[in-house]
Amino acid sequence: MNPDRAPLLEVDRLLFGYRRPLASPLSARLYAGQLVAVLGLNGAGKSTLLSVLAGAVAPLAGSILAQGCSVPLLSSRQRANTVAFLPATLPAIPGLSVEEFVQFGLFPKSGWLARYTPQQRRSVVNAIRIVGLQELATRQIVSLSSGERQRASIALALAQGAPITLLDEPTAHLDIAAKAEIMALLRRVAHAQRNLVVLATHDLGIALEHADLLWIFTGESVELHTPEDAALTGVLSRVFDTPTTRFDPLRLSFTLPLGPGDNPKCAFQLHSLGLAVAEACTRHALLRYGWREVNNGCIPTLRVEIVHTQGIYRWNVNGKPCRTIAQLLQLAETVGNPPGQHPQ
């Protein structure tokens, strides 16, 4: 990060919450071109933090500067020039086209009675183009899919023209593909449009893949890390691990670890020489069928070696050859008895 750049959003010793602080004093600087994901357990205060940053809720103490101006002291129209806030849900009003729906993003700056000018229409059309809905601009908003409707909501926020965009749970209630598309879109908005995009989310996996920074509620404080630093330093494990699941920094995902009292027949160990894709697929299949990768102190019952010759993958399971992962799983069933379905 270039230290000579002025931050778009700066908080200093910020305390936020309702009646009592939800975390220790928070200080951070965020810059144009960053996608920041706010993570934490349910009820940690993610939505409250966004509302405070947007100026919708007053802070308990500390300062919030947006482009060098104190957010709590700005008028509503002044804030609208700097910060766009998209709540978790927006009603899809029957009878409105996509373009008419996106026009609502203009009202925080211009007011409800202002005339719809050609310049404002260009802002709306450009916002619709950025989210990829130009072919659907005349469609009724209620006729769109959930993912398309969320894109329209993001266009509404972009039409406001503010350099800072705050979004509360923009991927909630979407299918897996739509979640990934929305996060990729927000990443493009941050990087290509040079916006600062801050979003609250429960989708840890997608946040790890797309976000530049994670703002993590740890229970006592709110810490700012890159995804990799958060994994490497154990912050994600400290926040999200449970007695039955743990965050695996090697795979950047949650796993079910094998403990000392678990069935040793359910332990496996993989060996390959740089075959990263085949190893990842094999590991995924074994984990999915109830096997657990070997930990320190556990002796694996299933030893899997992966080889690649003449463009063909082969697996050796305890010395016995397999030509597909399906065959590997069938052979594994004869070695141990982990829970799960038999492969077809």
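All values reported here derive from a predicted model rather than from experimental measurement. (Residues numbered from 1 in each chain as written. Predicted model: local features only at pLDDT ≥ 70, side-chain atom pairs only at ≥ 80, totals over all residues. Heavy atoms only, no water.)

A.B. asks: Give me helix H11 (residues 276-288): which residues, what numbers.
C.D. replies: Taking 1.5 Å as the rise per residue, H11 with 13 residues should run 18 Å; its terminal C-alpha atoms sit 18 Å apart, in good agreement. Those residues of H11 that sit buried are Ala278, Glu279, Thr282, Arg283, Ala285 and Leu286. Down the axis of H11, the buried set is contained in an arc of 165°. They therefore lie on one face. Facing away from the buried surface of H11 by more than 90 degrees, the exposed residues are Ala276, Val277, His284 and Arg288. Directly after H11, the chain includes Gly290, whose backbone phi takes a positive value near 100°. (Helix = DSSP H or I, 4+ residues; strand = E, 2+ residues; numbered from the N terminus. Expected span 1.5 Å × (residues − 1). Buried < 20%, exposed > 50% of the residue type's maximum accessible area, 1.4 Å probe, protein only. Arc of directions from axis to C-beta.)

A.B. asks: Explain the sheet that holds strand E17 (residues 320-322) to me, using residue names and the numbers behind them.
C.D. replies: The strand order across the open sheet formed by five strands is E14-E13-E15-E16-E17, and the pairing between neighbours is mixed. Of all strands in the sheet, those with a lone pairing partner are strand E14 (292-293) and E17, marking the two edges. Sheet topology note: the strand E15 (residues 302-309)/strand E16 (residues 312-317) ladder contains six bridges and is antiparallel. Paired with Val304 across the strands is Val317, a residue of E16. Contacts from H11 reach strand E13 (267-272), E14, E15 and E16 within the one sheet, and its direction differs from that of E13 by about 170°. (Pairing = 2+ DSSP bridges. Contact = heavy atoms within 4.5 Å. Axes fitted to C-alpha atoms, helices over the stretch in contact; angles between N-to-C directions.)

A.B. asks: Pulling in residues and values, what's your account of the sheet that holds strand E1 (residues 9-15)?
C.D. replies: An order of E2-E1-E4-E5 is seen for the four strands of this open sheet, with the pairing classed as antiparallel. Each of the sheet's edge strands pairs with one partner strand only, and the pair in question is strand E2 (26-30) and strand E5 (69-70). Judged from the two bridges that link them, strand E4 (residues 61-66) and E5 form a sheet pairing that is antiparallel. Bridging across to E5, Ala66 finds its partner in Cys69. Helix-sheet contacts for helix H1 (residues 46-54) involve E1, E2 and E4, and the interaxial angle to E1 is about 120°.

A.B. asks: Pulling in residues and values, what's your account of the pattern of salt bridges?
C.D. replies: Counted by the stated rule, this structure contains nine salt bridges. Among the salt bridges present, the one from Arg29 reaches Glu10, with a minimum N-O distance of 3.1 Å. Of this pair, Arg29 sits in strand E2 while Glu10 sits in strand E1; the two residues are 19 residues apart in sequence, bridging distant segments of the chain. Glu10 gets classed as partly exposed once you look at its relative accessible area, which sits at 22%. With its nearest N and O atoms 2.8 Å apart, the salt bridge here joins Glu293 to Arg283. Residue Glu293 is found in strand E14, and its partner Arg283 is found in helix H11; the two are separated by ten residues along the sequence. Its relative accessible area of 22% is what places Glu293 among the partly exposed residues. Given a relative accessible area of 12%, Arg283 falls into the buried group. Members of the salt-bridge network, linked through shared partners, are Glu279, Arg283 and Glu293. (Salt bridge = Lys/Arg side-chain N within 4 Å of Asp/Glu carboxyl O.)

A.B. asks: Help me get a handle on helix H6 (residues 146-159), residues and values and all.
C.D. replies: Compared with an ideal rise of 1.5 Å per residue, which puts 14 residues at 20 Å, H6 spans 20 Å between its outermost C-alpha atoms and is within 8% of the ideal. Within H6, eleven of the 14 residues are buried, which leaves the element mostly enclosed by the surrounding structure. What H6 keeps buried is the set Gly147, Gln150, Arg151, Ala152, Ser153, Ile154, Ala155, Leu156, Ala157, Leu158 and Ala159. Summarising the contacts, the buried residues of H6 are in contact with strand E6 (83-86), helix H3 (98-102), helix H5 (118-130), strand E7 (164-168) and helix H7 (176-192). Just downstream of H6, Gly161 is the residue with a positive phi angle, here 80°.

A.B. asks: How would you summarise the confidence of the model for the protein chain if you had to cite specific residues and measurements?
C.D. replies: Residues of the protein chain with pLDDT of at least 70 account for 91%, and the chain-wide mean is 88. Under a pLDDT of 50 for its full length, residues 338-344 has, in the predicted model, 16 contacts with residues more than four places off or in other chains. (pLDDT = per-residue confidence, 0-100.)

A.B. asks: Help me get a handle on the environment of Val294, residues and values and all.
C.D. replies: Within the element layout of this structure, Val294 appears in the loop between E14 and E15. With 270 residues separating them in the primary sequence, Val294 and Ser24 have C-alpha atoms 39 Å apart. Beyond its immediate sequence surroundings of up to four residues, Val294 is in contact with Phe268, Gln269 and Pro300.

A.B. asks: Could you give me a rundown of the state of the cysteines, with the residues and numbers involved?
C.D. replies: Counting across every chain of the model gives zero disulfides. Its sulfur unpaired, Cys281 is 16 Å from the next cysteine sulfur, which belongs to Cys322. On the basis of relative accessibility, which here comes to 43%, the residue Cys281 falls in the partly exposed class. On the accessibility criterion, Cys322 (4% relative accessible area) is buried. (Disulfide = S-S within 2.5 Å.)

A.B. asks: Outline the environment of Ser153, supporting the account with residue identities and numerical values.
C.D. replies: Tracing the sequence through the fold places Ser153 in helix H6. Considered as a pair, Ser153 and Leu86 are 67 residues apart in the sequence and their alpha carbons are 7.6 Å apart. For Ser153, the residues in contact, after removing those within four places along its chain, are Leu86, Leu90 and Phe101.

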